[in-house]
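# Close look at the chain arrangement
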Amino acid sequence: MAAKGSHSHVKLEGEIERCRAEGHWGQLRHLAQQLLPLARPPRKVAAAGGAQDAEDYGSMLLAEALLEECLKEKFAKLKDSIPLTEKNEPKLSEAKQYLTNILSRGKLRPKYMTEAMLILGKLHYVEGSYRDAISMYARAGIDDLSTKDEPLYMLRLVTEAFVIKGLSLERSTNSIASRARLCEREEEVMACFETACFIAQVYLQELEKTLNNTHSRSIKGSNVTYSEFELSYFLEAALQSAYVTHLKKGNIVKGMRSLREILRTVETKSTQTFKMTAAKQLAQVLLHSLSEDCYWSPLSDLLPEFMNKEDQSYVSNLCRRPELYTEENAYCPQDNVEEALLLLLISESMANRDAVISRAPDQQDDRAISLRDASAVYDLLSITLGRRGQYVMLSECLERAMKFAFDEFHLWYQLALSMVACGKSAYAVSVLKECAKLRPTDPTVPLLAAKVCIGSLHWLEEGEYFAKMVIDLGEDAGESLAKGYLALGLTYSLQATDGELSCLSSLVKNLLKTGEGEMNLTKAKEERPATLKGTQDELNKKALQTLERARDLAPEDHQIILYLSLQLALVRQISDAIEHLQEALQLCKDDLNSLHLLALLFSAQKHYQHALDVINMAVVEYPESFSLLFTKVKLEWIHKGPEEALVTCRHMLQMWQMVYNVLQHSGSEKGSSVTETPVIKKHNGLHLTLPDAHDADSGSQRASSLAASRLEQAMSEITMQSSAMKQGPMQLWTALEQIWLQAGPGAEQT
């Protein structure tokens, strides 16, 4: 019978330890009541003997269960640091009475007495009695407690004790007058936070091992899976208080080291969400607070200038260290942007995996939190990939976010912007249509869609549709209303030009079919159908009226006046065009396009010297503009002769060679890492645009299988790299061809 009783007692003790370690407070409350002789309120009269010891032990367990249940119910107040009162919280009052009676009697064994003090210290903290909490932990002697070979629940208690002590010390610094004492207090706070962080990670790693072993031995598995274990408020605070405090005080180096140490520890299921937050926080620090010159890799030593800022470790040797991932064959980033990108891609993968897709009302709060976390990751990805011009990768990341971005304008608009940036213009317009449905009163969305349709795609009918969407908003469009009229005027003007070009093209084809040797384009123009000419005249008239309306709405916008001048020039009203253009130059004296157009208008009036003067002035401001130099060559050839034109052609060849050499040199130094593609700075008005390191349509094509896709990608990369290294971008060679074509007639005449 004695053996049977002993076995039952050991089983009960094991069950109690398991409940305390895993946080099953309802079950612990039931087990604790088995140790009490009767269900009665806390006694104030001490009793002697082992029965009293067992009763006090049961009372301590019951107090712990009541306190934890109360904290779980009042999590929102705890998070907002709102003190709980005994008057409003019966469970808190009952737990405090139990613990006070236990400590006043002093009959428990020293081990359990220490545990009771740790629990009461936590209770004092949630009541707002920070000094009482500090005194209770000093009485328990937590600085000398060893966590080696201790049960799991004790690791949890010590973790919470250290973080609560640190938080209590933080809230008690106002009473300290001495600066030296204040510095000592801050060091003590950091020692508490760092110790709590270490012990918390050890506790969670050991807990996962224990639960995995328990489940593997069970045939049907345990009733409680590890995925259901949630971090309590104090455990989460223990994990993040150290690095948060460092960063708040501006200690970037220490904050980064703390974050990197956390991310290097072996992950557990309960810390996955926390690690995503930590990775996102570290990425923010790398992007915002650390320059590339101050960067040091995770596996290297600190830079010499940071050595004096690195203090000794505050963690005691009595604490166990958490397990770390091995550094063998580990990839190490080379700069802060690369490390931030790796962190964010990991975070993005976790955010996609854990995203709440369900639209059920009971999951609305979880879905909002999931969306908020994912949006923050994608915002940081936009910054990181945007720095390196990797818009294709950014658009692919944002496409993955669409599965949980229903009716979320921000993510849809980010996707549209990334597609515009990487050249997926047709897809961008489709996404912008959805954005316009989500925010029908936002004029910037259809305005951007109109810009893409007019500029990149030359979809004039769609551009007209989007421009009218902006105009239909009326005064609600605000400053965008003038831009809407500008976009509409451009579509009318381009429609008129396209109609004339298509007509001439068809006439030329007919002349070729009839076999006429000498084609007279002037005669072809005269033979245009009268209806087509009438349509073009009507479109030009509408374009002019619409652009004048835009100018009336924004008289200080030099860009609108520039396009109005261009339209006047197209309908051969040269004098009016020059007059408006001079008005635009008064608003923006160094605008390249305005200066270029003014020179062309002077040349149309045969004022070649005035045109050359304007071009030379523009070239001084924009010496790398090939478009200005091409115009200068033509004007010099007509006005001054081929010798002058050849001098400019030689200058263009030298400039072309310089650009080519720069591209060759930069291409030879770049590896295959996607994070090392630089953003080429394109000067305003630069005619020679250097292409991005990807095809404009590459992101819209899909291979029939994964293997084919990978092979296609590998072959395209090889082809692209060899082409860029040996020949240079196609536009660069096109510019060279045009230079030689310009120099050809002049060379023949000389």
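Residues numbered from 1 in each chain as written. Predicted model: local features only at pLDDT ≥ 70, side-chain atom pairs only at ≥ 80, totals over all residues. Heavy atoms only, no water.

Another aspect to go through is the overall build of the protein. The number of helices and strands found in the protein is 30 helices and 0 strands. Residue burial in the protein is summarised as follows: out of 750 residues, 46% are buried. Carbon and sulfur atoms form 52% of the exposed surface of the protein, whose accessible area is close to 39,500 Å². (Helix = DSSP H or I, 4+ residues; strand = E, 2+ residues; numbered from the N terminus. Buried < 20%, exposed > 50% of the residue type's maximum accessible area, 1.4 Å probe, protein only. Areas by Shrake-Rupley, 256 points an atom, 1.4 Å probe, with all protein chains shown as cover.)

The predicted model of the protein has a mean per-residue pLDDT of 80, with 76% of residues at 70 or higher. Mean pLDDT across the elements of the protein ranges from a minimum in helix 29 (residues 706-726), with 38, to a maximum in helix 17 (residues 425-438), with 96. Here residues 39-49 scores under 50 on pLDDT; set against residues more than four positions off or in separate chains, the count is 15 contacts. (pLDDT = per-residue confidence, 0-100. Contact = heavy atoms within 4.5 Å.)

Mapped onto the fold, threonine 265 is located in the loop between helix 11 (252-264) and helix 12 (272-288). You can call threonine 265 buried: its relative accessible area is 4%. In this view, threonine 265 contacts Gln201, Gln205, Lys275, Pro322, Glu323, Leu324 and Tyr325; residues no more than four positions away in its chain are not counted.

Another point: the nonpolar core. Judged by nonpolar contacts, the single largest core of 197 residues is most densely connected at Met60, Val126, Val163, Phe234, Tyr378, Leu381 and Leu411. Here the element with the most residues in this core is helix 9 (residues 179-217); it accounts for 13 residues. The contact partners of phenylalanine 234, leaving out residues within four places of it in the chain, are Leu71, Leu78, Lys122, Tyr125, Val126, Glu160, Val163 and Ile164. (Core = buried A, V, L, I, M, F, W, Y, C linked by side-chain atoms within 4.5 Å.)

What follows covers unusual backbone geometry. We note that aspartate 149 has phi near 60 degrees; this positive angle belongs to a residue other than glycine. Tracing the backbone through its elements, the reader meets aspartate 149 in the loop between helix 7 (130-140) and helix 8 (152-170). For histidine 458, which is not a glycine, the phi torsion comes out positive at approximately 60 degrees. Locating histidine 458 in the fold gives a position in the loop between helix 18 (444-457) and helix 19 (460-472).

Applying the stated criterion across every chain yields a total of 7 aromatic pairs. Relative to tyrosine 112, the ring of tyrosine 57 has its centre 4.5 Å away and its plane inclined at 40 degrees; by these criteria the two rings are tilted. Here tyrosine 57 is found in helix 3 (residues 49-73), whereas its partner tyrosine 112 is found in helix 6 (residues 110-127), with 55 residues between them in sequence. Side by side, tyrosine 57 and tyrosine 112 carry an identical accessibility label, which is buried. Between the aromatic rings of phenylalanine 409 and tyrosine 413, the centroid separation amounts to 5.3 Å while the plane-to-plane angle is 15 degrees, which identifies the pairing as stacked. (Phe/Tyr/Trp six-rings, centres within 6.5 Å; stacked < 30°, edge-to-face > 60°.)

Between the first and last C-alpha of helix 25 (residues 592-604) there are 19 Å, a value that for 13 residues agrees with the 18 Å anticipated at 1.5 Å per step. Counting buried residues along helix 25, 10 of its 13 residues qualify, which places the element largely inside the surrounding structure. Elements in contact with the buried residues of helix 25: helix 23 (558-570), helix 24 (574-587), helix 26 (608-621) and helix 27 (626-639). Looking one or two residues beyond helix 25, the residue adopting positive phi is lysine 606, at roughly 70 degrees. (Expected span 1.5 Å × (residues − 1).)

A few words on the packing of helix 5 (residues 90-105) against helix 6. Where helix 5 meets helix 6, the axes come as close as 10 Å, and the angle between the chain directions of the two elements is 140 degrees. In terms of orientation, helix 5 and helix 6 fall into the oblique class. For helix 5 against helix 6, the interelement crossing comes out left-handed. Note on element contacts: helix 6 touches helix 5 through Met113, Ala116, Met117, Ile119, Leu120, Leu123, His124, Val126 and Glu127, opposite Leu92, Ala95, Lys96, Leu99, Ile102 and Leu103. Grouping the constituent residues of the contact of helix 5 with helix 6 by class yields 12 nonpolar, 1 polar and 2 charged. (Axes fitted to C-alpha atoms, helices over the stretch in contact; angles between N-to-C directions. Parallel < 35°, antiparallel > 145°, perpendicular 65-115°, else oblique. Left-handed = near helix turned anticlockwise from the far one by under 90°. Nonpolar A, V, L, I, M, F, W, Y, C, P; charged D, E, K, R; others polar.)

With that settled, the discussion passes to a negative patch on the surface. A surface patch of like charges, here negative, comprises Glu556, Asp576, Glu579 and Glu583. Locating glutamate 579 in the fold gives a position in helix 24. (Patch = residues over 30% accessible without salt bridge, like charges linked within 9 Å, V, L, I, M, F, W, Y side chains within 5 Å. Salt bridge = Lys/Arg side-chain N within 4 Å of Asp/Glu carboxyl O. Lys, Arg positive; Asp, Glu negative; His and termini not counted. Charge placed at Lys NZ, Arg CZ, Asp CG, Glu CD.)

This paragraph deals with the pattern of salt bridges. On inspection of all chains with the given rule, the structure shows 32 salt bridges. For glutamate 73, the salt bridge identified is with lysine 91, shortest N-O distance 2.9 Å. Of this pair, glutamate 73 sits in helix 3 while lysine 91 sits in helix 5, placing them 18 residues apart in sequence.

Among the residues of helix 7, Tyr130, Ala133, Ile134, Met136, Tyr137 and Ala140 are the ones counted as buried. Taken around the axis of helix 7, the buried residues stretch over an arc of 160 degrees, which confines them to a single face. For helix 7, the exposed residues set more than 90 degrees away from the buried face come down to Arg131, Ala138 and Arg139. Elements in contact with the buried residues of helix 7: helix 5, helix 6 and helix 8. (Arc of directions from axis to C-beta.)

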